[in-house]
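Each chain is listed here by its residues.
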Amino acid sequence: MATVFNYATVFTPNEILEKSSIVISDKGKISYVGPMEDAPRTFGPRFDMRGRIIVPGLIDIHVHGGKGVAFGAGNRPGEDLKDYSKWVAESGVTGFLCSICPPNRQSYLSTIKTYARLFDEEMPGAEALGLHLEGPFLSIEQRATFDPEWLRPPSIEEARAYLDAGRGWIRQMTLAPELPGADEVASLFRGAGVVLSLGHSNANYETACTALAGDWNHVTHTYDAQR
């Protein structure tokens, strides 16, 4: 049976709908959003939302964990990922990227391989959508809380190793565009469908503009850990 929510204030990508209906099919899919008078006739539970707001599920693209879970740390990554998935769904998050920043290349590769396997498993709550690599090709000057020993110049060979280990699960990478070799690494990742994010960068205005007109198409915590 379908479930109907009436008298709702619905936030869509394009507009806010007052006194509207949402119909959820018996398969858990949204089958209708719009004016109450145009909603299809259904059998099943009906709820009066009394003007309460209904929004699409939130997608968190930069989070390192929460509620005792730190992505890339600990000895129970599978259990931690599922615990986090279940917990964060309570806050309206329906999908998230796991942001990781291991201290060295070996740890990076091991962590990427571990999570690439885990992402094939079904989550109990919010969906784990892949990895966000925050580094290691970041600015020493704008490292913020990163240990400088964790950071190093861009390496195309190292970047290829990460992509191979990720099996398509690397979705986003934060990269400082002013570093030597950053352009080549950025081109490699964008060619693999990865979002390139400018962050932890000491780039000046001109360098940042050039990057964002090229392979970089996002910014990590704008104005924080940047010139």
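Refer to the structure presented above.
Described in the following lines is the structure provided in the data block. (Residues numbered from 1 in each chain as written. Predicted model: local features only at pLDDT ≥ 70, side-chain atom pairs only at ≥ 80, totals over all residues. Heavy atoms only, no water.)

1. As for the overall build of the protein
(1) Moving on: A count of helices and strands for the protein gives five helices and 13 strands.
(2) Moving on: Overall, the protein is about 60 × 40 × 30 Å in size when its C-alpha atoms are taken along their principal axes.
(3) Moving on: Expressed as a percentage of the 227 residues in the protein, the buried residues total 43%.
(4) Moving on: Relative to all contacts within the protein whose residues are 6 or more apart in sequence, the contacts with residues 24 or more apart total 64%.
(5) Moving on: With the model as given, the accessible surface of the protein reaches about 12500 Å², and the carbon-plus-sulfur share is 52%.
(6) Moving on: Of the charged side chains in the protein, 21 are positive and 28 negative, and the gap between their average positions amounts to 7 Å. (Helix = DSSP H or I, 4+ residues; strand = E, 2+ residues; numbered from the N terminus. Buried < 20%, exposed > 50% of the residue type's maximum accessible area, 1.4 Å probe, protein only. Contact = heavy atoms within 4.5 Å. Areas by Shrake-Rupley, 256 points an atom, 1.4 Å probe, with all protein chains shown as cover. Lys, Arg positive; Asp, Glu negative; His and termini not counted. Charge placed at Lys NZ, Arg CZ, Asp CG, Glu CD.)

2. Regarding the pattern of salt bridges
(1) Moving on: Throughout the structure, instances matching the rule amount to six salt bridges.
(2) Moving on: A salt bridge links Arg76 to Asp80, with the shortest nitrogen-to-oxygen separation between them at 2.4 Å.
(3) Moving on: Of the residues examined, Arg76 reaches a relative accessible area of 36% and is grouped as partly exposed.
(4) Moving on: Residue Arg105 pairs with Glu157 through a salt bridge whose shortest N-O separation is 2.7 Å. With Arg105 in helix 2 (residues 105-118) and Glu157 in helix 3 (residues 156-166), this residue pair connects regions lying 52 residues apart in the sequence. (Salt bridge = Lys/Arg side-chain N within 4 Å of Asp/Glu carboxyl O.)

3. Side note on the nonpolar core
(1) Moving on: Among the nonpolar cores identified, the biggest contains 44 residues, and Phe71, Leu81, Phe96, Leu133 and Phe189 are the most heavily contacted of them.
(2) Moving on: At six residues, helix 2 tops the list of elements feeding residues into this core.
(3) Moving on: Grouped together as the second largest cluster of nonpolar side chains are seven residues, Ala8, Ile22, Ile24 and Ile54 included. (Core = buried A, V, L, I, M, F, W, Y, C linked by side-chain atoms within 4.5 Å.)

4. Section: the environment of Lys19
(1) Moving on: With respect to the helices and strands, the residue Lys19 is situated in strand 2 (residues 16-24).
(2) Moving on: Spatially, the C-alpha atoms of Lys19 and Arg52 are 9.4 Å apart, while their sequence positions differ by 33 residues.
(3) Moving on: Setting aside residues up to four positions removed in sequence, Lys19 forms contacts with Tyr7, Ala8 and Met36.

5. Notes on the packing of aromatic side chains
(1) Moving on: Tallied over the full model, the rule gives nine aromatic pairs.
(2) Moving on: Each ring, one from Phe71 and one from Tyr115, has its centre 6.4 Å from the other, and the planes form 85°; the classification is edge-to-face. One end of the pair, Phe71, is in the loop between strand 8 (69-70) and helix 1 (77-88); the other, Tyr115, is in helix 2, with 44 residues separating them in the sequence. Taken as a pair, Phe71 and Tyr115 share a single burial class, namely buried.
(3) Moving on: Ring centres of Tyr115 and Phe119 lie 5.9 Å apart, and the angle between their planes is 50°; on these two criteria the pair is classed as tilted. (Phe/Tyr/Trp six-rings, centres within 6.5 Å; stacked < 30°, edge-to-face > 60°.)

6. Re the pairing of strand 2
(1) Moving on: Relative to strand 2, strand 1 (residues 3-11) runs antiparallel, the two being bridged by six bridges. When the sheet's bridge partners are listed, Thr3 is paired in strand 2 with Ile24.
(2) Moving on: Taking the residues between adjacent antiparallel strands as the criterion, strand 1 and strand 2 are bridged by four residues.
(3) Moving on: As judged from the five bridges shared by strand 2 and strand 3 (residues 30-35), these two strands associate in the antiparallel manner. Across the sheet, Ile22 pairs through a bridge with Val33, a residue of strand 3.
(4) Moving on: Where strand 2 folds back onto strand 3 in an antiparallel hairpin, the turn is made up of five residues, including Gly28, whose phi is positive at roughly 80°. (Pairing = 2+ DSSP bridges.)

7. Some words on helix 4 (residues 182-191)
(1) Moving on: The complete set of buried residues in helix 4 reads Ala182, Val185, Ala186 and Phe189. When helix 4 is viewed along its axis, its buried side chains cluster within an angular range of 100° and face the same direction. In this structure, helix 4 carries Asp183 and Gly191 as exposed residues pointing more than 90 degrees from its buried face.
(2) Moving on: Considering only its buried residues, helix 4 is in contact with strand 10 (127-134), helix 3, strand 11 (170-175) and strand 12 (195-198). (Arc of directions from axis to C-beta.)

8. Thoughts on the sheet that holds strand 12
The pairing of strands in a sheet happens through backbone hydrogen bonds and is either parallel or antiparallel.
(1) Moving on: Spatial strand order, 6-9-10-11-12-13: six strands in an open sheet with parallel pairing. Two strands bound the open sheet, and with one partner strand each, they are strand 6 (58-63) and strand 13 (218-219).
(2) Moving on: Relative to strand 12, strand 11 runs parallel, the two being bridged by four bridges. If you follow Gln172 over to strand 12, its bridge partner there is Val195.
(3) Moving on: Helix 1 contacts strand 6, strand 9 (93-100) and strand 10 of the sheet and is inclined by roughly 140° relative to strand 9. (Axes fitted to C-alpha atoms, helices over the stretch in contact; angles between N-to-C directions.)

In short, geometric facts, not functional conclusions.
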